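So you can see what is in the structure, the chains are spelled out below.
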Amino acid sequence: MVRHALDRRYEVVGVCRERSVAKLDAYKGRIRVVPGATDDREVIRTAVAGCDGVLTVLVPWGVRRYATGTAQAVLDHARPGARLVFSCGWHITRDGKDVYPWRLRWFVKVFGWLARLARVADLDDQVEACRRVFASDTLWTVVRGSDLEEGESQGLPRWSRHVGDPVLASNLTRRVDFALFMVAALTDGKLVREAPAIVGCKSPSALRAGPAAGAP
Ligand SMILES: NC(=O)c1ccc[n+]([C@@H]2O[C@H](COP(=O)([O-])OP(=O)(O)OC[C@H]3O[C@@H](n4cnc5c(N)ncnc54)[C@H](OP(=O)(O)O)[C@@H]3O)[C@@H](O)[C@H]2O)c1
């Protein structure tokens, strides 16, 4: 995400936990890093000051409502009119009209239950975080990622308003392209107050669907 933003000549401020700062060493001198938890309101207030856009990764890790605290801090402290782009998974639904493959429903049920039991993650935390984003009057986009794979960029992912659209059937996106989509969303007015579910543009289902027509 940092690389895509720098490629576009954006001035970048990054927030990550103290223990993770070293992962950004490759960008030393080119970005400003504010170390801290993303649900720390003071950290976010400092980091987003003056920013025209905020890219936020919402993760369900832990059972302390990290994602909800993160989303709320960004919603409260980003400047009015800033573009806010959040990440989550397909399992988040905005209007209940998504039609999920049984494997995903099964995974959410079983992983969600086990993860909460082991106090490793709380999927409901991500649900609540997104509910607050959807209810806000900010210029938000919630990018809903498919399963991810590593590898070189294939280009901007395809998207649809609803899981169940045949274009998404392959359920696979390169991680680097998930980031590309989030950065591109900053300047794509069509994505304001949308929750696009994405898939790799070279995935079989995207290729079967034919060229993108612009709208989902
Ligand atoms: N992985 C998938 O297959 C998949 C599929 C669909 C959607 N997504 C979505 O894609 C986004 C990124 O997913 P990912 O799999 O790349 O996430 P990830 O590897 O688990 O981590 C993303 C960030 O979460 C923070 N993090 C990790 N463990 C944490 C903990 N225990 N407490 C607090 N923060 C923690 C880290 O921040 P620091 O920088 O502070 O270390 C890390 O950079 C998420 O929004 C996810 O819902 C992922």
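Above this text is the structure in question.
Report follows, based on the coordinates.

**A word on the overall build of the chain**
Then, in step 1: Each helix and strand in the chain was counted, giving seven helices and nine strands.
Then, in step 2: A compact globule built from 216 residues would reach a C-alpha radius of gyration of about 17 Å, and the chain, at 17 Å, matches this within 12%.
Then, in step 3: Structurally, the chain occupies a C-alpha span of about 45 × 40 × 35 Å along its principal axes.
Then, in step 4: Counting every position in the chain, which comprises 216 residues, the buried fraction comes to 35%.
Then, in step 5: A separation of at least 24 residues holds for 74% of the contacts in the chain among residues at least 6 apart in sequence.

**So, the environment of Ala115**
Then, in step 1: Within the secondary structure, Ala115 sits in helix 4 (residues 102–117).
Then, in step 2: Among the residues examined, Ala115 registers 17 C-beta atoms within 10 Å and is labelled partly exposed.
Then, in step 3: Taking the C-alpha atoms as reference points, Ala115 and Lys23, separated by 92 residues in sequence, lie 26 Å from one another.
Then, in step 4: Those residues in contact with Ala115 that lie beyond four places of it in its chain are Val120 and Ala121.

**Thoughts on the nonpolar core**
Then, in step 1: Among the nonpolar cores identified, the biggest contains 47 residues, and Val74, Phe86, Val142 and Met182 are the most heavily contacted of them.
Then, in step 2: Elements represented by at least two residues in this core include exactly helix 2 (41–48), strand 3 (53–57), helix 3 (66–77), strand 4 (83–89), helix 5 (123–135), strand 5 (139–145), helix 6 (175–185) and strand 9 (197–199).
Then, in step 3: The residues touching Met182, leaving out its near neighbours within four places in the chain, are Met1, Leu55, Val85, Ser87 and Val143.

**Considerations on the site of the ligand**
Then, in step 1: The environment of the ligand is formed by 15 residues, the closest being Cys16, Arg17, Ser20, Trp61 and Gly145.
Then, in step 2: Looking at the shell around the ligand, its residues break down into eight nonpolar, five polar and two charged.

**A look at the packing of helix 2 against helix 3**
Then, in step 1: Across the interface, helix 2 lies against helix 3 with an axial gap of 9 Å and an inter-helix angle of 45 degrees. Between helix 2 and helix 3, the interaxial angle falls into the category oblique. Once helix 2 is placed against helix 3, the crossing between them reads as right-handed. Residues Arg41, Ile44, Arg45 and Val48 of helix 2 pack against Ala73, Val74 and His77 of helix 3.
Then, in step 2: Its residues assigned to classes, the contact of helix 2 with helix 3 comprises four nonpolar, one polar and two charged.

**Considering helix 3**
Then, in step 1: With twelve residues, helix 3 extends 16 Å between its outermost C-alpha atoms, agreeing within 8% with the 16 Å of an ideal straight helix rising 1.5 Å per residue.
Then, in step 2: Turning to helix 3, its buried residues are Tyr66, Ala67, Thr68, Thr70, Ala71, Ala73, Val74 and Leu75.
Then, in step 3: Residues of helix 3 that are buried make contact with helix 2, strand 3, strand 4 and helix 5.

**Focus on the packing of helix 3 against helix 5**
Then, in step 1: Look at helix 3 against helix 5: their axes get within 7 Å of each other, and the N-to-C directions meet at 20 degrees. One finds that helix 3 runs roughly parallel with respect to helix 5. You can see that helix 3 and helix 5 cross each other, and the crossing is right-handed. Contact residues: Tyr66, Ala67, Thr68, Thr70, Ala71, Gln72 and Leu75 in helix 3; Asp125, Gln126, Glu128, Ala129, Arg132 and Val133 in helix 5.
Then, in step 2: Classifying every residue of the contact of helix 3 with helix 5 by side-chain character gives six nonpolar, four polar and three charged.

**A closer look at the environment of Ala209**
Then, in step 1: Here Ala209 shows up in helix 7 (residues 204–209).
Then, in step 2: A C-alpha to C-alpha distance of 16 Å links Ala209 and Gly155, two positions 54 residues apart in sequence.
Then, in step 3: The residues touching Ala209, leaving out its near neighbours within four places in the chain, are Pro166 and Val167.

**Notes on helix 5**
Then, in step 1: Look at helix 5: 19 Å from first C-alpha to last across 13 residues, which is about the 18 Å you get at 1.5 Å a residue.
Then, in step 2: Leu123, Asp125, Gln126, Ala129, Cys130 and Val133 are the residues of helix 5 that are buried. One side of helix 5 carries all its buried residues, which in axial view fall inside an arc of 155 degrees.
Then, in step 3: Tucked inside the fold, the buried residues of helix 5 contact helix 3, strand 4, helix 4 and strand 5.

Conventions and cut-offs
Residues numbered from 1 in each chain as written. Predicted model: local features only at pLDDT ≥ 70, side-chain atom pairs only at ≥ 80, totals over all residues. Helix = DSSP H or I, 4+ residues; strand = E, 2+ residues; numbered from the N terminus. Rg over C-alpha atoms; globule rule 2.2 N^0.38 Å. Buried ≥ 20, exposed ≤ 12 C-beta atoms within 10 Å, placed from the backbone. Contact = placed C-beta atoms within 7 Å. Core = buried A, V, L, I, M, F, W, Y, C linked by C-beta atoms within 7 Å. Near = placed C-beta within 6 Å. Nonpolar A, V, L, I, M, F, W, Y, C, P; charged D, E, K, R; others polar. Axes fitted to C-alpha atoms, helices over the stretch in contact; angles between N-to-C directions. Parallel < 35°, antiparallel > 145°, perpendicular 65-115°, else oblique. Left-handed = near helix turned anticlockwise from the far one by under 90°. Expected span 1.5 Å × (residues − 1). Arc of directions from axis to C-beta.

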